[in-house]
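Here's the letter readout for the chains.
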Amino acid sequence: MKKFFVYTEEQEQEINEKLGYTQKEYDKLSDKKQWRWTLGVPEVKDFIRRFKQKECPVCGEKLEWIKECTYVGFRHLPGATTGSYEKTYEVKKKRYCPNCQKILD
């Protein structure tokens, strides 16, 4: 399954500056990444709706699954209060048309 990153590295840097991260957090930054998933009733309904949709409504091509990763900033490891930070991405599964190169919502 392909990963699609919403923001580029430069845009992630701008997000970090807007969130007010200091040099102290940058020094503790780990090379690893965190992937944050949300599972609730709306997400399950959306997944079922996307699961039923097999063809692109525009061109009729078979759709593929992708992971859309949205950058949310630096976070500690789950359950940790101190230590190194990791880049954190919110992940959503979506359908992608390889012919039209569109991500369907």
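Look up: the structure comes first, before these words.
Residues numbered from 1 in each chain as written. Predicted model: local features only at pLDDT ≥ 70, side-chain atom pairs only at ≥ 80, totals over all residues. Heavy atoms only, no water.

Caption draft 1: Spotlight on the packing of aromatic side chains. Inspection of the entire model under this criterion finds 7 aromatic pairs. Consider the rings of F47 and F51, whose centres lie 6.1 Å apart with planes at 25°: the pair is stacked. Residue F47 and its partner F51 are located together in helix α3 (residues 41–52), separated by 4 residues, close to a single helical turn. The exposure class of F47 is partly exposed, given its relative accessible area of 33%. Here F51 falls in the partly exposed class, since its relative accessible area comes to 43%. Here the aromatic cluster, defined as three or more aromatic residues joined through ring pairs, consists of F5, W35, Y71 and Y89. The cationic tip of K3 hangs over the ring face of W35; the distance from NZ or CZ to the ring centre is 4.2 Å. (Phe/Tyr/Trp six-rings, centres within 6.5 Å; stacked < 30°, edge-to-face > 60°. Helix = DSSP H or I, 4+ residues; strand = E, 2+ residues; numbered from the N terminus. Buried < 20%, exposed > 50% of the residue type's maximum accessible area, 1.4 Å probe, protein only. Lys NZ or Arg CZ within 6 Å of the ring centre and 35° of its normal.)

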